[in-house]
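# Geometric and topological summary
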Amino acid sequence: MRQARWLHERGDEYRARLLQNIKERVPQLEELLVQVEGHWGLEDGVYRFYHQSFKVYGLQSLTERICKALKELLPDRPMNKWFADIITQGTGRQFEMSHNEDWLRHTRPILEALFHAHYFLKMVCKYGRQLETPPNALPSGWAAVLYLFDLR
(Lines give C-alpha, C1' and ligand atoms only; values in the text may rest on other atoms or scores of the structure.)
Protein backbone atom coordinates (compact mmCIF):
# COMPACT_ATOMS: atom_id res chain seq x y z
CA MET A 1 0.00 0.00 0.00
CA ARG A 2 2.82 2.39 0.91
CA GLN A 3 4.62 1.65 -2.37
CA ALA A 4 1.43 2.27 -4.38
CA ARG A 5 0.93 5.61 -2.65
CA TRP A 6 4.55 6.61 -3.22
CA LEU A 7 4.27 5.68 -6.91
CA HIS A 8 1.10 7.73 -7.25
CA GLU A 9 2.69 10.77 -5.60
CA ARG A 10 6.27 10.60 -6.92
CA GLY A 11 6.36 8.03 -9.72
CA ASP A 12 6.12 10.47 -12.63
CA GLU A 13 8.95 12.58 -11.20
CA TYR A 14 11.22 9.55 -10.76
CA ARG A 15 10.40 8.04 -14.15
CA ALA A 16 11.31 11.37 -15.80
CA ARG A 17 14.50 11.61 -13.75
CA LEU A 18 15.43 8.04 -14.64
CA LEU A 19 15.03 8.69 -18.36
CA GLN A 20 16.97 11.97 -18.12
CA ASN A 21 19.82 10.28 -16.24
CA ILE A 22 19.91 7.47 -18.80
CA LYS A 23 20.01 9.94 -21.70
CA GLU A 24 22.90 11.82 -20.09
CA ARG A 25 24.88 8.59 -19.72
CA VAL A 26 24.02 6.80 -22.96
CA PRO A 27 27.55 7.04 -24.43
CA GLN A 28 29.15 5.48 -21.32
CA LEU A 29 26.40 2.88 -21.00
CA GLU A 30 26.76 1.90 -24.66
CA GLU A 31 30.53 1.64 -24.24
CA LEU A 32 29.98 -0.76 -21.35
CA LEU A 33 27.46 -2.71 -23.44
CA VAL A 34 30.03 -3.12 -26.21
CA GLN A 35 32.49 -4.53 -23.67
CA VAL A 36 29.89 -6.90 -22.22
CA GLU A 37 28.88 -8.16 -25.66
CA GLY A 38 32.47 -8.31 -26.90
CA HIS A 39 34.77 -11.28 -27.16
CA TRP A 40 36.10 -11.02 -23.59
CA GLY A 41 32.62 -10.54 -22.14
CA LEU A 42 29.72 -12.85 -22.82
CA GLU A 43 31.39 -14.69 -25.70
CA ASP A 44 34.39 -15.91 -23.73
CA GLY A 45 32.50 -16.15 -20.44
CA VAL A 46 29.85 -18.54 -21.70
CA TYR A 47 32.55 -20.60 -23.40
CA ARG A 48 34.43 -20.77 -20.08
CA PHE A 49 31.28 -22.06 -18.40
CA TYR A 50 30.95 -24.93 -20.87
CA HIS A 51 34.70 -25.54 -20.85
CA GLN A 52 34.42 -25.87 -17.06
CA SER A 53 37.11 -23.27 -16.59
CA PHE A 54 37.55 -21.37 -13.34
CA LYS A 55 37.79 -18.25 -15.54
CA VAL A 56 33.97 -18.14 -15.58
CA TYR A 57 34.29 -16.67 -12.09
CA GLY A 58 35.81 -13.57 -13.72
CA LEU A 59 32.37 -12.69 -15.10
CA GLN A 60 31.37 -11.52 -11.65
CA SER A 61 33.39 -8.33 -12.03
CA LEU A 62 31.58 -7.57 -15.29
CA THR A 63 28.23 -8.10 -13.59
CA GLU A 64 29.28 -5.81 -10.76
CA ARG A 65 30.34 -3.08 -13.22
CA ILE A 66 26.96 -3.25 -14.94
CA CYS A 67 25.11 -3.11 -11.63
CA LYS A 68 27.15 -0.12 -10.50
CA ALA A 69 26.31 1.73 -13.73
CA LEU A 70 22.63 0.88 -13.37
CA LYS A 71 22.49 1.88 -9.71
CA GLU A 72 24.03 5.26 -10.55
CA LEU A 73 21.00 6.03 -12.72
CA LEU A 74 18.82 6.46 -9.62
CA PRO A 75 21.09 6.16 -6.60
CA ASP A 76 18.36 7.06 -4.10
CA ARG A 77 16.02 4.26 -5.26
CA PRO A 78 16.41 0.65 -4.18
CA MET A 79 16.75 -1.84 -6.97
CA ASN A 80 14.18 -4.54 -7.48
CA LYS A 81 14.46 -7.21 -4.79
CA TRP A 82 14.40 -10.13 -7.23
CA PHE A 83 17.14 -8.53 -9.31
CA ALA A 84 19.18 -7.83 -6.17
CA ASP A 85 18.78 -11.45 -5.02
CA ILE A 86 19.89 -12.80 -8.42
CA ILE A 87 22.94 -10.51 -8.37
CA THR A 88 23.81 -11.46 -4.79
CA GLN A 89 23.59 -15.17 -5.62
CA GLY A 90 25.78 -14.73 -8.71
CA THR A 91 28.54 -12.53 -7.30
CA GLY A 92 31.02 -12.72 -4.44
CA ARG A 93 31.91 -16.30 -5.28
CA GLN A 94 35.42 -17.73 -5.04
CA PHE A 95 36.52 -20.75 -7.03
CA GLU A 96 37.39 -23.89 -5.12
CA MET A 97 38.53 -27.15 -6.68
CA SER A 98 35.54 -28.92 -5.10
CA HIS A 99 33.24 -26.79 -7.30
CA ASN A 100 34.22 -28.99 -10.24
CA GLU A 101 32.21 -31.81 -8.62
CA ASP A 102 28.97 -29.78 -8.80
CA TRP A 103 29.83 -27.26 -11.51
CA LEU A 104 26.31 -26.19 -12.41
CA ARG A 105 25.27 -25.43 -8.84
CA HIS A 106 28.29 -23.20 -8.33
CA THR A 107 28.53 -21.44 -11.68
CA ARG A 108 25.02 -21.11 -13.14
CA PRO A 109 24.18 -18.28 -10.72
CA ILE A 110 27.19 -16.37 -12.08
CA LEU A 111 25.84 -16.59 -15.63
CA GLU A 112 22.26 -15.91 -14.54
CA ALA A 113 23.34 -12.72 -12.78
CA LEU A 114 25.29 -11.56 -15.82
CA PHE A 115 22.40 -12.33 -18.17
CA HIS A 116 19.95 -10.29 -16.07
CA ALA A 117 22.37 -7.39 -15.68
CA HIS A 118 23.12 -7.49 -19.43
CA TYR A 119 19.41 -7.44 -20.27
CA PHE A 120 18.81 -4.32 -18.20
CA LEU A 121 21.90 -2.60 -19.58
CA LYS A 122 20.70 -3.35 -23.10
CA MET A 123 17.19 -2.03 -22.39
CA VAL A 124 18.55 1.13 -20.76
CA CYS A 125 20.70 1.82 -23.84
CA LYS A 126 17.87 1.06 -26.25
CA TYR A 127 15.28 3.26 -24.58
CA GLY A 128 17.78 5.95 -23.71
CA ARG A 129 18.14 6.42 -27.46
CA GLN A 130 14.52 5.86 -28.48
CA LEU A 131 12.50 7.76 -25.89
CA GLU A 132 12.26 11.52 -25.56
CA THR A 133 9.84 11.45 -22.63
CA PRO A 134 8.49 8.67 -20.42
CA PRO A 135 5.74 7.04 -22.52
CA ASN A 136 2.19 6.33 -21.42
CA ALA A 137 1.99 3.15 -23.50
CA LEU A 138 4.95 1.17 -22.21
CA PRO A 139 7.17 -0.94 -24.45
CA SER A 140 7.99 -4.17 -22.58
CA GLY A 141 11.69 -3.37 -22.26
CA TRP A 142 11.03 0.07 -20.80
CA ALA A 143 8.45 -1.40 -18.42
CA ALA A 144 11.12 -3.87 -17.26
CA VAL A 145 13.55 -1.00 -16.63
CA LEU A 146 10.87 0.69 -14.51
CA TYR A 147 10.52 -2.54 -12.51
CA LEU A 148 14.28 -2.54 -11.96
CA PHE A 149 13.79 0.57 -9.81
CA ASP A 150 10.31 -0.44 -8.58
CA LEU A 151 8.75 2.40 -10.56
CA ARG A 152 5.98 0.28 -12.08
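Structure first, text after, so check above.
Residues numbered from 1 in each chain as written. Predicted model: local features only at pLDDT ≥ 70, side-chain atom pairs only at ≥ 80, totals over all residues. Heavy atoms only, no water.

Before going further, it helps to examine the packing of aromatic side chains. Applying the stated criterion across every chain yields a total of 7 aromatic pairs. Relative to Phe95, the ring of Phe54 has its centre 6.0 Å away and its plane inclined at 40°; by these criteria the two rings are tilted. Linking Phe54 in the loop between α2 (39-50) and α3 (59-71) with Phe95 in the loop between α4 (81-89) and α5 (103-130), this pair joins segments that are 41 residues apart in sequence. For the pair Phe83 and Phe120, a centre-to-centre distance of 5.4 Å together with 85° between the ring planes defines the contact as edge-to-face. One end of the pair, Phe83, is in helix α4; the other, Phe120, is in helix α5, and 37 residues separate them in sequence. Accessibility expressed as a relative area gives 5% for Phe83, which makes it buried. (Phe/Tyr/Trp six-rings, centres within 6.5 Å; stacked < 30°, edge-to-face > 60°. Helix = DSSP H or I, 4+ residues; strand = E, 2+ residues; numbered from the N terminus. Buried < 20%, exposed > 50% of the residue type's maximum accessible area, 1.4 Å probe, protein only.)

Bringing the nonpolar core into the picture now. Within the largest apolar cluster, 47 residues are counted, with the highest numbers of intra-cluster contacts made by Leu18, Ile22, Leu70, Phe83, Trp142 and Leu151. Residue assignment for this core shows that the elements contributing at least two residues are α1 (2-37), α2, α3, α4, α5 and α6 (140-148). It is α5 that contributes the most residues to this core, 12 residues altogether. Among all residues touching Trp142, those that are not within four sequence positions of it are Arg15, Leu18, Leu19, Ile22, Tyr127, Leu131 and Pro135. (Core = buried A, V, L, I, M, F, W, Y, C linked by side-chain atoms within 4.5 Å. Contact = heavy atoms within 4.5 Å.)

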